[in-house]
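This is what each chain is made of:
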Amino acid sequence: LCRGGLAERLCRLQNRERSAISFWRHQCISDANIPSDKSGVLIVKILEIFEECTIQVAICQQLEQSTAMCSPEDAVINSEEPILKVLFTRETAAHLKSRPQDVIHIYPPWQKLLLRNTDVPVIMNTYFSQKVLLSEHSEAREKTYGLAKMLIRKNIISLAQTFRLDDLDDELHQESSDNQVACAPQIRNNCDSKQHPLALSAVNDSLLEMVESQGAVGWREAQVRVVIQRVYCLPARQGYRSHIQGNNPLCATPIVNTDPPNVRLCLLVQDAYGMFSEVQLQSLSSTDDTEQYGRRWEGKFCYLAGMKILQRTTRGRALGLFSLIDSLWPPVVPVKVPGQSQDSEMMTTNLPPPSFCYILTIQSGEVHVEVDEEEQISDLYQPPAVHGLKEILRNGGCNERCSFWAQVLYLRLQTKHSVPINQREILLFVTDSTLQNAVHMTPKAVAVSVTASCVLSTEITEALSAASQLLFFKDALWGNGRIICVERTVLLLQKPLLCSAAGADLSELTGPVRLDELDSTTQANSICALRGTVVGVNESTAFSWPICNRCGNGKLELCPQDRELLYCKQCSEVVITPVLKMQLEVFLSCPSRSQSTIKVKVCNEISSFVLYVDTTECPGLFVLLTMLLFLQTYEVQSVLGKEVGLLNCYVHSVTSHPNCVVLEEIVLL
Amino acid sequence: VPDELLLGLKFIFGPCAVPALDLVDQRSVTRVMSPSGRTLYQVLGSSGKLYTCYSSCHFCTCPAFGFSVLQKSESLLCKHILAVYLSQAMGACQELSVSEEQLTGILLAEEEDEG
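Counting of residues starts from 1 at the beginning of each chain's written sequence and follows it residue by residue. Working convention: letters from A go to chains and numbers from 1 go to ligands, in the order in which they are written. Residue-level local features of this predicted model are given only where pLDDT is at least 70; pairs of side-chain atoms are given and counted only at 80 or more, and the full residue set underlies all totals for whole chains, interfaces and linings. Working from all heavy atoms in the structure, the side-chain values ignore hydrogens and water.

- Named according to an unreviewed UniProt entry, chain B is ZSWM7 protein originating from Scytalopus superciliaris.

- The name that an unreviewed UniProt entry assigns to chain A is SPIDR protein, with the source organism given as Scytalopus superciliaris.

See the structure below:
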């Protein structure tokens, strides 16, 4: 909203007004003493009531102060008393439950509007109204009017009148109105309402009604209005594309994949009755738009038409989908109850969680999903509830969806590089300020498994490979002590617009990251820190090899043209200054886990610009230099007994017989 | 503009009021005129989409109008139409003169888009 603009002003005024109204209503309910200062109070007697476009219009007679004191029935309708048109909003009307002959006291501030060319003034801003009840008659009245529906009178001027087309013959009239009103197809049927009276009732806000009335054939004209709760991508079901990159099918595959992923954009929508449906839209060529669509569409209204029912699935068959639905249950605002007239009293939030869900898809040819991005966010929308990791881990739930911010510390591909990118599983080690600052009984970092069914955008995969990222995990699954990212989980780099955050901003990490120290509770596939003393060296595992300084490829080959030079197939270039990687397994004695044999694979790297020597004359020089350097750094004798500082490690395995922990030194992102 | 007027707008037009005022603040309403005197209004919505509102009757090309106003009769008008009226009242409309062909083009383009 513009600063200092009218919209901002009205917002502020509105908030103040709303507080005043709820205070007033509270006073009315609790029968507190309304200030007896009757100045400015408008006293009216209702003669007639009807509703128009959600506003209740009451034709009333203004009563003088004195006559209001007597019983309302005794007040004779004096034709000289002024007639007023009093407007009430839907909420006020529900609160008042007024009937003809009721006497209403309208407290200030109310407004009077005098329209041109009319005699009857209009009274508005009637929030502070109260009905004067006579106890002995109220019961009878309740019985009589209990089931009466509000009269709805629509004073609609037909377009024919507006354009003065009454004198043309019917056919021409029909045609002209069609032409003059440039209808969008979704309302074209209403223009033909004379010939198709059913078309008007075909549009509604109930998914179930749509499905049950049209059958599996699909429908065309009818439209449903729903709220988009979530936007995500699902991997397409028709298998995966085998991944071959460039001209080297055997090359180690980096995470970044240039092939277009086979995914479909999907929406989880909810109608006014609280029922959910998953709508599968078009296949995406790039997953980068998912975040965009999410930002623009979540929470907004959407009009669906021309949908085909793919499946009616139940809780037992689609656990993933229903875990997401459960996270959105119960609805945050009352929903309609099917089959009842929609009095506000009938709406409820007290319904059992859904047990079935329709999966819809687009009918080929007709694509009709119109998202009203203009409209405000619907009240029914439930943004993901963000919690700290500490809270999530403590929560005893099972298969529940959770959303959180976390800093990615370390990344590990769980599957071999030869597995196609669509089937890779990634293990992320993450932390946040709640875990880092926790005193005890909480791990400092937690593993999040990203399965292949969780679609990652190329932006995310690139970011993950590059540096430590602060990621927003939306609707991850928590259960059995693990957090996993599966279908319908979305990873984002930026915070979604609307998020209910519990507590302070959880994303800031103050200070360097600390990991749990290795101890008796450490498990495999986790990360930890350790310190200890070197008690042994596994010389047979001492190894050094050159890696490409550009891409880190460890499988360099000898250049075909010049067998003295190294060549990197991933970069397709000669490696002039390879980095030397050295690896050694050492045995440590760690006080924190003194009973076990600790074997750590330590790594080290040195840039090898010093190694660039002309080796044509002395071919063995390179190898010799390497060995010397290696020995210099890791001369066994000098290494024994050395204190190894706090090393960050990944735990490969923990075995009890023999009591051994195998770790690998890692570098946190 | 006195506070009471703003609250009055809110009372009558409900949820349309604030967004419509926002559109007016941002001067999003343009009156498009052709030499023959035909006019229509174009409103630049918050998502960047341009909606057309007619001057001779209540009509707007936004989906909210079609749904809330025409079908459900939940609202009297949509925020774009309200913004048009407010801009007219406050003299905050931007003006644009176009040729007859261009005006016709705008009106017909709407039909093509939806079709």
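Additional details are given in the paragraphs that follow.
### Things to note about the overall build of chain A
So, point 1. For chain A, the count of helices and strands is 16 helices and 30 strands.
So, point 2. For chain A, buried positions account for 45% of its 669 residues.
So, point 3. Here the contacts in chain A between residues at least 6 apart in sequence split such that 69% fall between residues at least 24 apart. Note on conventions: DSSP H or I runs of at least 4 residues are helices, E runs of at least 2 residues are strands, and numbering of each starts at the N terminus. Type-normalised accessible area, obtained with a 1.4 Å probe on protein chains alone, sets the label of each residue: buried when under 20%, exposed when over 50%, and partly exposed for intermediate values. By definition in these notes, contact holds between two residues if any of their heavy atoms fall within 4.5 Å.

### Thoughts on the interface of chain A and chain B
So, point 1. Facing 47 residues of chain A, the contacting portion of chain B comprises 45 residues.
So, point 2. With both chains or domains summed, chain A and chain B bury close to 4,100 Å², and 63% of this area falls on carbon and sulfur atoms.
So, point 3. Definition used for salt bridges: Asp or Glu carboxyl oxygen within 4 Å of a side-chain nitrogen of Lys or Arg. Connecting chain A to chain B are one salt bridge.
So, point 4. Throughout this description, a polar contact denotes any pair of N or O atoms lying within 3.5 Å of each other; where both atoms belong to protein, one of them has to be capable of donating a hydrogen while the other can accept it, and for residues adjacent in sequence the pair is counted only when both atoms sit in side chains. Across the contact surface, chain A and chain B share five residue pairs in polar contact (both at pLDDT 80 or more).
So, point 5. Those elements that place two or more of their residues in the side of chain A that touches chain B are helix 1 (6–29), strand 3 (83–88), helix 5 (159–162), helix 7 (185–191), strand 8 (223–235) and strand 14 (368–372) of chain A.
So, point 6. Three classes are used: nonpolar for Ala, Val, Leu, Ile, Met, Phe, Trp, Tyr, Cys and Pro, charged for Asp, Glu, Lys and Arg, and polar for all others, with Gly counted as polar. Residues belonging to the side of chain A that touches chain B are distributed by class as follows: 22 nonpolar, 14 polar and eleven charged. Buried surface area refers to the total accessible area, computed with a probe of radius 1.4 Å, that the two partners give up upon joining, counted for both partners together.

### Comments concerning the nonpolar core
So, point 1. Membership of the largest hydrophobic core comes to 36 residues, with the highest contact counts inside it found for L21, C60 and F65 of chain B.
So, point 2. Those elements that provide at least two residues to this core are helix 1 of chain A together with helix 1 (3–13), helix 2 (17–25), strand 2 (39–44), strand 3 (50–54), helix 3 (63–71) and helix 4 (79–90) of chain B.
So, point 3. Considering each element in turn, this core owes the most residues, six residues, to helix 2 of chain B.
So, point 4. For L21 of chain B, the residues in contact, after removing those within four places along its chain, are L6, A7 and L10 of chain A together with L6, L9 and L86 of chain B. Here, nonpolar core means buried Ala, Val, Leu, Ile, Met, Phe, Trp, Tyr and Cys residues that are tied together by side-chain atoms lying within 4.5 Å of each other.

### Some points on the side chain of R230 of chain A
Residue and element names in this part refer to chain A.
So, point 1. Position of R230 relative to the elements: it lies in strand 8.
So, point 2. Of note is the side chain of R230, whose polar atom sits 2.8 Å from the backbone oxygen of Q382.
So, point 3. Among all residues touching R230, those that are not within four sequence positions of it are C266, L267, L268, E298, L324, L328, Y381, Q382, P383, P384, K474 and D475.

### Thoughts on the pattern of salt bridges
Residues and elements named next belong to chain A.
So, point 1. Scanning all chains against the criterion turns up 15 salt bridges over all chains.
So, point 2. Notably, a salt bridge pairs D475 with R230, separated by 2.9 Å at the nearest N-O pair. Here R230 lies in strand 8 and D475 lies in strand 19 (residues 470–479), a separation of 245 residues in the sequence. Of the two residues examined, D475 and R230, each falls in the buried class.

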